[in-house]
Amino acid sequence: MSEQPTDLRQRVERVGLVLALVCTALLCWAATATAGPTVTRTVYQPGELIPIPASIPHEEGDMIDRRILPNLRWIAERYPIYVTDGYSGPLPDGSHAGCDNCHTRGSDHHNGLAVDIAPVGGGTKCDASWAAITRLALWAEPVQGEPAPPFRWVGYDGDAGHGCGHHLHLSWNHAVVPEFELAEWVEVFAVGPVVPPQTGGEKPRRKKRAAPKAPPPGPSGGISTVRSGGLAPRGGD
Ligand SMILES: [Zn+2]
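Residues numbered from 1 in each chain as written. Predicted model: local features only at pLDDT ≥ 70, side-chain atom pairs only at ≥ 80, totals over all residues. Heavy atoms only, no water.

Chemist: Can you explain the state of the cysteines? Please cite residues and give values.
Modeler: Going through the model one piece at a time under the given rule, you end up with two disulfides. The side chain of cysteine 99 participates in a disulfide bridge whose partner is cysteine 102; the two sulfur atoms lie 1.7 Å from each other. On the sign convention where negative is left-handed, the bridge of cysteine 99 and cysteine 102, at about 55° about the S-S bond, is right-handed. Disulfide partner of cysteine 126: cysteine 164, at an S-S distance of 2.0 Å. Here the S-S torsion is close to 95°, and the disulfide linking cysteine 126 with cysteine 164 is therefore right-handed. With a gap of 38 residues between them, cysteine 126 in the loop between β7 (114-119) and α3 (131-140) and cysteine 164 in the loop between β8 (151-155) and β9 (168-172) connect regions that are remote in the sequence. Taking relative accessible area as the criterion, cysteine 164 reaches 17% and is therefore assigned buried. Once the disulfide-bonded cysteines of the protein are ranked by sequence position, their pairing pattern turns out to be 1-2, 3-4. (Disulfide = S-S within 2.5 Å. Helix = DSSP H or I, 4+ residues; strand = E, 2+ residues; numbered from the N terminus. Buried < 20%, exposed > 50% of the residue type's maximum accessible area, 1.4 Å probe, protein only.)

The structure is reproduced here in structure tokens:
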């Protein structure tokens, strides 16, 4: 009889310890789930303006520097984004991409390294349709004014002309560059395999073709003739 309270206390302590461990694990998970990308890298390959592929919902004609495409695709696979503007400025063929005179001087939109985002099917009212975009904004900028790398500037709640019901601006860190030119380097986050959040399983992917062992004969040995700032010869998807 006299040992029972001690047993009970030990059991309570054990349960308490297990609960504490579970809570710690959950907190760690929550922190990594909301605190932005964990691994980033700097891309030095030459930039190129490409149309945003159809797999990423966007306003017709929107373009970006192709070096941020894998990141944008990663985001689009996890959040219901609709890109309302990407690169904004003149194109080599004399035409114009993006909205005209709508961004501030020095905007990353003028280098193809920024996107404006609204929810697919969302309106101009800050309602439930914006909840996922708010989560994305908090992931990219967990603390107001301190964007998580590789993001250079995140415009949302607390920033004039941005926010829930208006739009989310995301731009990527890049080398200093004049307006309407492509940056020497861009910082991006590492993208892993696609894991749909609902199933937890891995999306089946078509196997990539193996690279040929020897370069093909002839002069077209894979050297791109597209200059920086030029248009992609194809859709870029
Ligand atoms: Zn913007």
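Chemist: Could you give an account of the environment of tyrosine 87, with specific residues and numbers?
Modeler: Tracing the backbone shows tyrosine 87 in the loop between β4 (81-85) and β5 (89-90). Considered as a pair, tyrosine 87 and aspartate 108 are 21 residues apart in the sequence and their alpha carbons are 8.2 Å apart. If we ignore the near neighbours within four places in the chain, the residues touching tyrosine 87 are Leu49, Met63, Ala97, Gly98, His109, His110, Asn111, Gly112, Ala114 and Phe180. (Contact = heavy atoms within 4.5 Å.)

Chemist: Describe the sheet that holds β8, naming the residues involved and giving the relevant values.
Modeler: Taken together, the four strands give an open sheet; going across it, the order is β4-β7-β9-β8, and neighbouring strands pair in antiparallel fashion. Only two strands of the sheet have a single partner each, and these edge strands are β4 and β8. Here the average twist between neighbouring strands, direction ignored, is 30°. With four bridges connecting them, β4 and β7 associate as antiparallel partners. Following the sheet pairing, tyrosine 82 is matched in β7 by alanine 118. (Pairing = 2+ DSSP bridges. Axes fitted to C-alpha atoms, helices over the stretch in contact; angles between N-to-C directions.)

Chemist: Residue-level account of the packing of aromatic side chains, with values.
Modeler: Going through the model one piece at a time under the given rule, you end up with six aromatic pairs. Ring pairing ties together the aromatic residues Trp74, Trp139, Phe151, Trp172 and Phe189, which thus form one cluster. (Phe/Tyr/Trp six-rings, centres within 6.5 Å; stacked < 30°, edge-to-face > 60°.)

Chemist: Go over the side chain of histidine 103 with me, naming the residues and quoting the values.
Modeler: Considering the arrangement of structural elements, one finds histidine 103 in the loop between β6 (96-97) and β7. What makes histidine 103 buried here is its relative accessible area of 17%. In this structure the side chain of histidine 103 is engaged in a polar contact, spanning 2.6 Å, whose partner is the side chain of aspartate 85. Not counting residues within four places of it along the chain, the set of residues in contact with histidine 103 comprises Asp85, Ser88, His109, His110 and Asp116. (Polar contact = N/O pair within 3.5 Å; in protein donor to acceptor, adjacent residues only side chain to side chain.)

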